[in-house]
Amino acid sequence: EEQRKKFYMAKSELKSIKDKIEDKKNLLKNYLNDSDFLLEQIEQISDELFDKKTNEKKLDVLKVSLEEKNKILINLEDERQNLEKIFHTNKYEIKKQEELAEKISKIEICPVCKSKVTKDHIHNINDGTVKEINLLKKEIGDSEEKINAIKDKKEVLNKEVEKINSEIIKRESDLIKLSNVNNKNEQIKILQEKIDKLKEE
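Residues numbered from 1 in each chain as written. Predicted model: local features only at pLDDT ≥ 70, side-chain atom pairs only at ≥ 80, totals over all residues. Heavy atoms only, no water.

Draft legend 1. Representation of the overall build of the protein chain in the model. When helices and strands are tallied, the protein chain shows three helices and zero strands. Reading the protein chain from its N end, one meets helices and strands in the order α-α-α. Taken over C-alpha atoms, the radius of gyration comes to 43 Å for the protein chain, far larger than the 17 Å a tight globule of 201 residues would show. With respect to the three principal axes, the spread of C-alpha positions in the protein chain is 155 × 20 × 20 Å. Across the 201 residues of the protein chain, 23% fall into the buried class. Of the roughly 15,700 Å² of accessible surface on the protein chain, a fraction of 53% belongs to carbon and sulfur atoms. (Helix = DSSP H or I, 4+ residues; strand = E, 2+ residues; numbered from the N terminus. Rg over C-alpha atoms; globule rule 2.2 N^0.38 Å. Buried < 20%, exposed > 50% of the residue type's maximum accessible area, 1.4 Å probe, protein only. Areas by Shrake-Rupley, 256 points an atom, 1.4 Å probe, with all protein chains shown as cover.)

In structure tokens:
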């Protein structure tokens, strides 16, 4: 009777241990599946990365560069506006000088010196006006050249700014993805510890 009791107790205990082993095997299988799934996700995320070595420092360098280029663009725009003012002011001044030359040829008494307007008088005024107009036209030509140069510079800078902006967006996305990869690696590490413990059991 005593032996029979021991036999059934041992049999029951053995069954309980077998069940526990089966449970642990199932748990181990689940941990391994989770770990494999996380590894697949890490691989997928890694394939989507723009640059696997992206870090905050690289991003900061890009942001500083972007800021500098934007400042240059603002300065170029200010310069362009100033040149436009010179351009329009000079055009207006040329018109005024031409009108003055035309008026002088039509009047008989000079409003400045109150003497009769002679051909010499008209010639002197026309000479002065022509010189002034030529000077203004040269300034207009120079302004137009500079405006075109600024336009070209701005075009190049805008393309660079666009490129930097695009890279910043990609690198910011990379940082989020890399953070995600780090989290998944931590999860795998925790799972591995559990797997090791289960295998030991």
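Draft legend 2. Spotlight on helix H2 (residues 56-106). End to end, H2 covers 75 Å across 51 residues, agreeing with the expected 75 Å (1.5 Å per residue, within 8%). Two or three places before Lys57, at the start of H2, stands the capping residue Asn55, its side-chain oxygen 3.2 Å from that residue's backbone nitrogen. (Expected span 1.5 Å × (residues − 1). Polar contact = N/O pair within 3.5 Å; in protein donor to acceptor, adjacent residues only side chain to side chain.)

Draft legend 3. Quick peek at the pattern of salt bridges. Overall, the coordinates contain 13 salt bridges when judged by the stated rule. The partner of Glu160 in a salt bridge is Lys69, and the shortest N-O contact between them spans 2.8 Å. With Glu160 in helix H3 (residues 119-200) and Lys69 in helix H2, this residue pair connects regions lying 91 residues apart in the sequence. Accessibility expressed as a relative area gives 30% for Glu160, which makes it partly exposed. Look at the salt bridges and you will find they share partners, linking Asp51, Lys58, Glu167 and Arg171 into a network. (Salt bridge = Lys/Arg side-chain N within 4 Å of Asp/Glu carboxyl O.)

Draft legend 4. Representation of the packing of aromatic side chains in the model. What the rule picks out here adds up to one aromatic pair. When the centroid spacing of 5.3 Å and the interplanar angle of 70 degrees are considered together, the rings of Phe7 and Tyr8 count as edge-to-face. (Phe/Tyr/Trp six-rings, centres within 6.5 Å; stacked < 30°, edge-to-face > 60°.)

Draft legend 5. A look at helix H1 (residues 2-48). With 47 residues, H1 extends 69 Å from end C-alpha to end C-alpha; this agrees with the ideal 69 Å at 1.5 Å per step. Three or more residues of H1 are buried, namely Leu28, Tyr31, Ser35, Leu38, Ile42 and Ile45.

Draft legend 6. Quick look at the side chain of Asp174. Within the secondary structure layout, Asp174 lies in helix H3. If we ignore the near neighbours within four places in the chain, the residues touching Asp174 are Leu49, Phe50, Asp51 and Thr54. (Contact = heavy atoms within 4.5 Å.)

Draft legend 7. Here's a closer look at the nonpolar core. Counting 12 residues, the largest nonpolar core consists of Leu59, Leu62, Leu66, Leu73, Leu76, Leu83, Ile147, Ile150, Leu157, Val161, Ile164 and Ile168. Within the residue set of this core, elements represented by two or more residues are H2 and H3. Filtering out sequence-adjacent residues up to four positions away, Leu62 remains in contact with Ile164, Glu167, Ile168 and Arg171. Judged by nonpolar contacts, the second largest core, of 10 residues, contains Leu28, Ile45, Val181 and Ile188. (Core = buried A, V, L, I, M, F, W, Y, C linked by side-chain atoms within 4.5 Å.)

Draft legend 8. Here's a closer look at the environment of Glu155. Along the polypeptide, Glu155 turns up in helix H3. Spatially, the C-alpha atoms of Glu155 and Asp120 are 52 Å apart, while their sequence positions differ by 35 residues.

Draft legend 9. Structural view of the environment of Lys137. Position of Lys137 among the secondary structure elements: in helix H3. We classify Lys137 as partly exposed; its relative accessible area is 47%. The spacing of Lys137 and Phe87 is 50 residues in sequence and 9.0 Å in space, taken between C-alpha atoms.

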